[in-house]
Amino acid sequence: MKNIKILILPFVALVASCAADEVVKYDKADVSARSDVAIKQYSSKLQMALGAALKAGGPLGAVEVCQQAAPAIAQDVSQANGVSIKRISLKARNPIAAPNEIEKKYLTEWVAAPLNDDKTPKEVIFTAKEDGKNYVYFMRAITLKDKPCTTCHGTNIDPALNAKIKSLYPHDDATGFKEGDLRGAFLVKMSAEAAK
């Protein structure tokens with residue numbers, strides 16, 4: 001009888017923990033549409049800022065603009081859309097772009113093939129709990145374009161530019177990419193309530 005109790009207790013604990021997991025419901029089409037709007041706004045504003053910086057000061061000036069403008073643009077787009085948006089990467093330039101374990105899993109899966117058969121970027125929606133609250137996350141792969149992206153993230157970076165990058169990002173790991181490589185992903189986060 002004692003052996004039966006020992007077997008039953010872990011089973012009861014397992015059932016109790018499963019019952020505690022919540023199923024987070026969300027409208028997939030709405031999450032995709034809202035995320036798409038935020039990603040397009042973020043990408044467009046960042047490209048405009050980088051394009052202007054490249055024209056005004058070349059790659060050396062663009063690195064500084066990217067460091068300062070990218071977080072500010074992300075914050076503005078996040079506030080305007082009621083979401084949180086950022087870029088993440090397995091090889092991050094800025095430590096705040098490092099993925100968590102769930103994000104890392106998807107990025108790792110996408111490295112070999114970041115695009116679907118129809119050449120659109122891979123996407124995924126998942127849910128997670130953070131600080132006791134449920135959130136819905138949307139990830140879309142980012143592939144590296146040849147120019148101007150390889151200038152700062154490629155395999156043959158100008159030594160003066162590389163020194164500037166290292167001075168702004170001492171822990172930079174975002175080099176060695178070729179055109180078409182998975183650079184990272186856009187990550188859009190919204191509350192579960194907002195995703196219904």
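Residues numbered from 1 in each chain as written. Predicted model: local features only at pLDDT ≥ 70, side-chain atom pairs only at ≥ 80, totals over all residues. Heavy atoms only, no water.

S.K.: Could you clarify how one ought to interpret the sheet that holds strand 2 (residues 123-130) in this entry?
M.R.: Judged by pairing direction, the sheet is antiparallel, and its four strands sit side by side in the order 1-4-3-2 without closing on themselves. The open sheet is flanked by strand 1 (84-88) and strand 2, the only strands paired with a single partner. Across the sheet, the mean angle separating the axes of adjacent strands is 25 degrees when strand polarity is ignored. Contacts between helix 2 (residues 28-81) and the sheet are confined to strand 1, strand 2, strand 3 (133-143) and strand 4 (182-191), with strand 1 contributing the most and set at about 55 degrees to the helix. Sitting on the sheet, helix 3 (residues 101-110) touches strand 1, strand 2, strand 3 and strand 4, and the angle it makes with strand 2 is about 165 degrees. (Pairing = 2+ DSSP bridges. Helix = DSSP H or I, 4+ residues; strand = E, 2+ residues; numbered from the N terminus. Axes fitted to C-alpha atoms, helices over the stretch in contact; angles between N-to-C directions. Contact = heavy atoms within 4.5 Å.)

S.K.: Teacher, can you tell me more about the pattern of salt bridges here?
M.R.: Side-chain pairing between opposite charges can occur once the charged atoms of the two side chains come close. Here the structure, examined in full by the defined rule, presents nine salt bridges. Two residues, K40 and D36, come together in a salt bridge whose shortest N-O distance is 3.1 Å. On the criterion of helical spacing, the pair formed by K40 and D36 is a turn pair, its members being four residues apart in helix 2. Between K189 and E130 there is a salt bridge; the shortest N-O distance is 2.9 Å. Placement of the pair is K189 in strand 4 and E130 in strand 2, with a sequence separation of 59 residues. Among the ionic contacts, a cluster of salt bridges with common partners joins D36, K40, E123 and R140. (Salt bridge = Lys/Arg side-chain N within 4 Å of Asp/Glu carboxyl O.)

S.K.: What should I look at first to understand the packing of helix 2 against helix 5 (residues 159-168) in this one?
M.R.: To characterise two packed helices, one gives the angle between the axes of the helices and the distance between these axes. In contact at an axis separation of 9 Å, helix 2 and helix 5 are set at 20 degrees when each is read in the N-to-C sense. With respect to helix 5, the element helix 2 is oriented roughly parallel. Read as a crossing pair, helix 2 and helix 5 show a hand that is right-handed. Facing helix 2, whose interface residues are P59, L60, V63, E64 and Q67, helix 5 presents A160, L161, K164, I165 and L168. Tallied by class, the residues present in the contact of helix 2 with helix 5 amount to seven nonpolar, one polar and two charged. (Parallel < 35°, antiparallel > 145°, perpendicular 65-115°, else oblique. Left-handed = near helix turned anticlockwise from the far one by under 90°. Nonpolar A, V, L, I, M, F, W, Y, C, P; charged D, E, K, R; others polar.)

S.K.: Could you clarify how one ought to interpret the state of the cysteines in this entry?
M.R.: As used here, a disulfide is simply a covalent bond connecting the sulfur atoms of two cysteines. Summed over all chains, the structure comprises zero disulfides. With no disulfide of its own, C149 has C152 as its nearest cysteine by sulfur position, at a separation of 8.8 Å. Here C149 falls in the partly exposed class, since its relative accessible area comes to 26%. Here C152 is not cross-linked by a disulfide; its sulfur's nearest cysteine counterpart is in C66, at 7.8 Å. (Disulfide = S-S within 2.5 Å. Buried < 20%, exposed > 50% of the residue type's maximum accessible area, 1.4 Å probe, protein only.)

S.K.: Help me understand the packing of aromatic side chains in this model?
M.R.: Centre distance and the angle of the planes are the two values used to describe a pair of aromatic rings. This model, assessed by the stated rule, comprises four aromatic pairs. A centroid spacing of 6.0 Å and a plane angle of 90 degrees characterise the contact between Y42 and F186, whose relative ring orientation is edge-to-face. A residue pair is termed long-range when its members are at least 10 positions apart, and Y42 in helix 2 and F186 in strand 4 qualify at 144 residues. Residue Y42 is classed as buried on the basis of its relative accessible area of 3%. On the accessibility criterion, F186 (10% relative accessible area) is buried. (Phe/Tyr/Trp six-rings, centres within 6.5 Å; stacked < 30°, edge-to-face > 60°.)

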